[in-house]
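# Close look at the chain arrangement
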Amino acid sequence: MALSRLLPAGRRSAVPAFQQARSIWNVSLPVLSGPGGAQITKYHIVKPGKDNVEYDDFLLALPERDHLASFTKEVPLFIRYLKVVTDQEERPEAFAAFLERAKSGLVVESDVYITTEELLALMWKNGYSDSERNAVQFTFPADYKFHYPELSVMFDIAEEDTYKFCMRTRMETSHIGELDHSKVKREGLIRDHWLIFGTGLFIFKSFPFFNYYFGIKVFGTSMWCYTMWSVLNRFISKTCRRNEYMAAQKTAQDVMEGEDAIITSMRRFANDAKCVEYLKTFKDDTESKMIDYRKALVVKMQHDLTERASKQLQAIASFEASMGSAMQELVVREAGASFKQKFPTDKAMQDQAFSAAVKMLAGTELKAGEDPVAKHFTDAFGSVQGVDLSTVKGNPAGTLAERVAAAQQAKETEFQQSFMVTAAEAEEVKALAAKAKAGSDFDFSKLPADAAARLDTLYTSINNKVGFSLPETLGTKPIQATSDSVANGYVDKVNTQLSALDAKLREARLKAFVSAF
């Protein structure tokens, strides 16, 4: 404190900016809030507490370059500005070198800089134009700090010169800057303390009242406490400030989460004032919407029924078309198969084929009927023409007409299974309906679980065959329970009514279904 009073008035002009009240009884300083808390320098000036950082007046300490504390500075704004400057001055290699240096962050001494205002004043003194000064003023904020590597590449000056200029500028303002504590701390602290203790004990041992109790117990214990405090005070201070900062951050996070929870809860009741307005028109709105809903439900049923019938008709047409093309292929294939089966065992056909081959080798033109292969296929195709295949008994190993009839009958059976209700299915539906008969009505709740599931399966498969569609449900879903027990009673009642309505709809569908048989 005495040193700060000895400073000239001009040099002490910058000191009040840092004179904050000390943090006593856990009263925090918002300006210096951080993991390191607030650090009181030896000049009783408050600075942000940082790990391995010691503060001192540059003019009094005259630190060496390696004594200064350094940090990594992000310079995206300066790089964009430097790109424009170097392009205008045709110094692309300088920009490339600085960009490579600052790619992972620019490592600089934290307090070797000049401010934006100081730079603008220097540019004015050195005759820079208004446009150049305006470019700096409008690009960088007023609190931006130009460190010496930035000034060096910006004005194309050696870094040694810009370093010396920045240090002189800071010293002229009695700047209290950051020093590396590991470089400037006092060496041999414990040795000096115990040397003082031993020397004092040796000198004062013969003095009155400086007996064993005072020398060892009082003086020695005091020196031991002072030594331990000198060694551990930075560690204890850092730990306490860090824990205090983390606790403050946790408290702030809890407060923010609580505020968010309160706002979320308030939003639930944002439209409560409109409930009365909605209730006044609830009946009219519900009646009009029910009319629209019923109309939409009928239109949807009509659309589903038309779509299902159209798809089924298309499937039937496709099946018939494929059956016709397959029949033509079958006639040709069966004619060839009958020829392969007959030729090895028919001696007359073999002789006729040999005679036809000889005549063809001699160049003689064959007459109609002399070629056994052509004659066989002509006779086979002729046997099919004019024959009603529906009256011919199918035989896969018989004549061509019988083989084609067998294939056609198999296709017709497949068609009936795919697109027609079979007699077995009709009998099964009648048997299940008989089990559910209750007087003149049906009670499907009497059916066992497997019989009820089989009836639902028959309902679905038969309707799919004939292209018929009915809605299985009304499209409603159960309402989820709420946190209000009173509201849950109403919700359960509505869900019960929906379940009863679905059961009633299923009952009506199945009654109409079994009545058709």
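Up top is the structure these notes are about.
Residues numbered from 1 in each chain as written. Predicted model: local features only at pLDDT ≥ 70, side-chain atom pairs only at ≥ 80, totals over all residues. Heavy atoms only, no water.

### Structural notes on the overall build of the protein chain
- Within the protein chain one finds 19 helices and 10 strands.
- In the protein chain, which comprises 517 residues, the proportion classed as buried is 28%.
- A separation threshold of at least 6 residues defines the contact pool for the protein chain, and within that pool the share at least 24 residues apart is 66%.
- Here the protein chain has roughly 34,500 Å² of accessible surface; of this, 60% comes from carbon and sulfur atoms. (Helix = DSSP H or I, 4+ residues; strand = E, 2+ residues; numbered from the N terminus. Buried < 20%, exposed > 50% of the residue type's maximum accessible area, 1.4 Å probe, protein only. Contact = heavy atoms within 4.5 Å. Areas by Shrake-Rupley, 256 points an atom, 1.4 Å probe, with all protein chains shown as cover.)

### Observations regarding the packing of aromatic side chains
- Applying the stated criterion across every chain, the model contains 9 aromatic pairs.
- Ring geometry for Y128 against F155: centres 5.8 Å apart, planes inclined by 75 degrees, an arrangement best described as edge-to-face. Pair noted here: Y128 is in the loop between helix 5 (116–125) and helix 6 (130–139) and F155 is in helix 7 (residues 148–155), with a separation of 27 residues, a long-range link.
- Ring centres 4.9 Å apart and planes at 40 degrees place the aromatic pair F140 and Y144 in the tilted group. By the burial criterion, F140 is buried, and Y144 matches it.
- The structure contains a cluster of three or more aromatic residues connected by ring pairs, namely F78, Y81, F98, F140, Y144 and F146.
- The residue whose ring lies beneath R170 is Y113, and the NZ or CZ to ring-centre distance is 4.6 Å. (Phe/Tyr/Trp six-rings, centres within 6.5 Å; stacked < 30°, edge-to-face > 60°. Lys NZ or Arg CZ within 6 Å of the ring centre and 35° of its normal.)

### Details of the nonpolar core
- Formed by 32 residues in total, the largest nonpolar core has its most connected members in V75, F78, F98, L119, V136 and F146.
- Filtering out sequence-adjacent residues up to four positions away, L119 remains in contact with I114, V136, F146, L151, M154 and F155.
- In this structure, F442, L447, A452 and L510 belong to the second largest nonpolar core, which totals 16 residues. (Core = buried A, V, L, I, M, F, W, Y, C linked by side-chain atoms within 4.5 Å.)

### What about helix 8 (residues 159–172)?
- Over its 14 residues, helix 8 runs 20 Å from end to end, which matches the ideal 20 Å to within 8%, given 1.5 Å per residue.
- Listing the buried residues of helix 8 in full gives T162, Y163, C166, M167, T169, R170 and M171.
- Elements in contact with the buried residues of helix 8: helix 2 (58–61), strand 6 (113–115), helix 5 and helix 7.
- Within two residues after helix 8, S174 carries a phi angle of roughly 50 degrees, on the positive side. (Expected span 1.5 Å × (residues − 1).)

### Notes on a nonpolar patch on the surface
- A cluster of nonpolar residues, I190, W194, W224, M228, W229, V231, L232, F235 and I236, forms a patch on the protein surface that exposes about 880 Å² of accessible area.
- If you list the elements that add at least two residues to the nonpolar patch, you get helix 10 (189–204) and helix 11 (212–268).
- If you tally residues by element for the nonpolar patch, the top one is helix 11, at 7 residues.
- Looking at where W194 falls in the secondary structure, it is placed in helix 10.
- Classification of W194 by relative accessible area gives partly exposed; the value is 34%. (Patch = residues over 30% accessible without salt bridge, like charges linked within 9 Å, V, L, I, M, F, W, Y side chains within 5 Å. Salt bridge = Lys/Arg side-chain N within 4 Å of Asp/Glu carboxyl O.)

### A closer look at unusual backbone geometry
- The phi angle at L62 is positive, at roughly 45 degrees, despite the residue not being glycine.
- Relative to the helices and strands, L62 is located in the loop between helix 2 and strand 4 (70–73).
- Even without being a glycine, E90 presents a positive backbone phi close to 55 degrees.

### Re the pairing of strand 8 (residues 176–180)
- When you tally the buried positions in strand 8, you get 5 out of 5 residues, the bulk of the element.
- Taken together, the 5 bridges between strand 3 (residues 53–57) and strand 8 define a ladder with antiparallel strand orientation. For E54, the partnering residue across the bridge sits in strand 8 and is L179. (Pairing = 2+ DSSP bridges.)

### Some details on the packing of helix 3 (residues 76–89) against helix 7
- With their axes 10 Å apart at the nearest point, helix 3 and helix 7 run at an angle of 20 degrees to one another. Considered as vectors, helix 3 and helix 7 are oriented roughly parallel to each other. Viewed along their axes, helix 3 and helix 7 form a crossing whose handedness is left-handed. Two secondary-structure elements touch here, helix 3 through F78, Y81, L82 and V85 and helix 7 through E150, V153 and M154. (Axes fitted to C-alpha atoms, helices over the stretch in contact; angles between N-to-C directions. Parallel < 35°, antiparallel > 145°, perpendicular 65-115°, else oblique. Left-handed = near helix turned anticlockwise from the far one by under 90°.)

### Here's the deal with the side chain of R91
- Among the structural elements, R91 can be located in the loop between helix 3 and helix 4 (92–101).
- A distance of 2.9 Å separates a polar atom in the side chain of R91 from a polar atom in the side chain of E89. (Polar contact = N/O pair within 3.5 Å; in protein donor to acceptor, adjacent residues only side chain to side chain.)

### Details of helix 7
- Judged by how many residues are buried, helix 7 sits mostly within the fold: 7 of 8 residues are covered.
- Within the sequence span of helix 7, burial applies to Y148, P149, E150, L151, S152, V153 and M154.
- Count one or two residues on from helix 7 and you reach D156, which has phi positive near 60 degrees.

### Topic: the side chain of D111
- Within the fold, D111 resides in the loop between strand 5 (106–109) and strand 6.
- Here D111 is buried and forms no salt bridge, its nearest opposite-charge partner K145 lying at an N-O distance of 5.4 Å.
- Here S110 takes part through its side chain, which lies 3.2 Å from a polar atom of the side chain of D111.
- In this structure D111 touches F58, R170, H175, G177 and E178, once residues within four positions along its chain are discounted. (Lys, Arg positive; Asp, Glu negative; His and termini not counted.)

### Describing the environment of E412
- Counting through the fold element by element, E412 comes out in helix 16 (residues 400–419).
- Taking the C-alpha atoms as reference, E412 lies 9.7 Å from E320; in sequence the two are 92 residues apart.

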